[in-house]
Amino acid sequence: MENHYEIFNQTKENLEEEIKTLQNLLSFACKKENIENAEFNIIFVGKKMIQEVNKTYRGVDRVTDVISFALEDNKTIDLNVRLLGDIYICLDRAHEQSVEYGHSFLREICFLSIHGFLHLLGYDHMKKEEEEIMFQRQEEILDEFGIKRG
């Protein structure tokens, strides 16, 4: 069955080209992770909104780059589709980090999208071993898709 995901841009920034690339990347990532019949969203926001989301839902009153809300963690929802959840990405931080890390803005939002997507699937980086697995998987997906560092 087919996957369904939506990309919402709640900023004034024109992301038409980036969204086209992201749609292809997300389809590729779903295939790589053998995900079928799933739904999730990516929401692009500014600093004020991501800080509010971070404070409200995580109790951390600061700006961050990406926050994932995995709905599959909620076992009370039983549908014939996998509701993976929502990924919030702060475009301001994505711009800052692309400069900081010396790569393109497109690469940074692709990285943050895949990072959030993997969180929705249960990957984590709280322990060193988990971090190595998750970060290696991120790089594999991005590299194979053609989104290289630098």
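For clarity, every value in this text was computed on a predicted model and none was experimentally measured.

1. Some remarks on helix α4 (residues 105-120)
With 16 residues, α4 extends 23 Å between its outermost C-alpha atoms, agreeing within 8% with the 22 Å of an ideal straight helix rising 1.5 Å per residue. Within α4, 15 of the 16 residues are buried, which leaves the element mostly enclosed by the surrounding structure.

2. Digging into the side chain of R137
Its location among the elements puts R137 in helix α5 (residues 128-145). When its relative accessible area of 15% is taken as the criterion, R137 is described as buried. With residues near it in sequence (within four places) discarded, R137 still touches K32, E33, L118 and Y123.

3. Digging into the environment of I133
As for its position among the elements, I133 is in helix α5. Looking at I133, the relative accessible area reads 52%, which means it is exposed. For the pair I133 and R58, spaced 75 residues apart in the sequence, the C-alpha separation amounts to 24 Å.

4. Thoughts on the sheet that holds strand β3 (residues 66-70)
Pairing is mixed in the open sheet, where four strands are placed in the order β1-β2-β4-β3. Looking at the sheet topology across the chains shown, the edges are occupied by β1 (4-9) and β3. Recorded for the sheet is a direction-independent mean angle of 10° between the axes of neighbouring strands. Of the strand pairs in this sheet, β1 and strand β2 (residues 38-45) are connected by six bridges, and their pairing is parallel.

5. Here's the deal with unusual backbone geometry
The residue N34 is not glycine, and still its phi comes out positive at about 55°. Here N34 falls in the exposed class, since its relative accessible area comes to 66%. The residue N37 is not glycine, and still its phi comes out positive at about 55°. Mapped onto the fold, N37 is located in the loop between α1 (16-32) and β2.

Reading the values: rules and limits
- Residue positions are counted from 1 within each chain, in the order its sequence is given.
- Under the rules for a predicted model, residues below a pLDDT of 70 receive no local features and side-chain atom pairs below 80 are neither given nor counted, while totals for whole chains, interfaces and linings still include all residues.
- The side-chain figures draw on all heavy atoms in the structure; neither hydrogens nor water molecules are used.
- Where helices and strands are cited, they refer to DSSP runs of H or I of at least four residues and of E of at least two residues respectively, numbered from the N terminus.
- Helices are assigned an expected span. That span is 1.5 Å times one less than the residue count.
- Per-residue accessibility, obtained with a 1.4 Å probe over protein chains only, is compared with the maximum for each type, and a residue is labelled buried under 20%, exposed over 50%, and partly exposed between these values.
- Whether two residues touch is decided by their heavy atoms; if any such pair falls within 4.5 Å, the residues are in contact.
- Whether two strands pair comes down to DSSP finding at least two bridges between them.
- Fitted lines through C-alpha atoms serve as axes, helices being fitted only where they are in contact, and the angles separating the N-to-C directions of these axes extend from 0 to 180 degrees.

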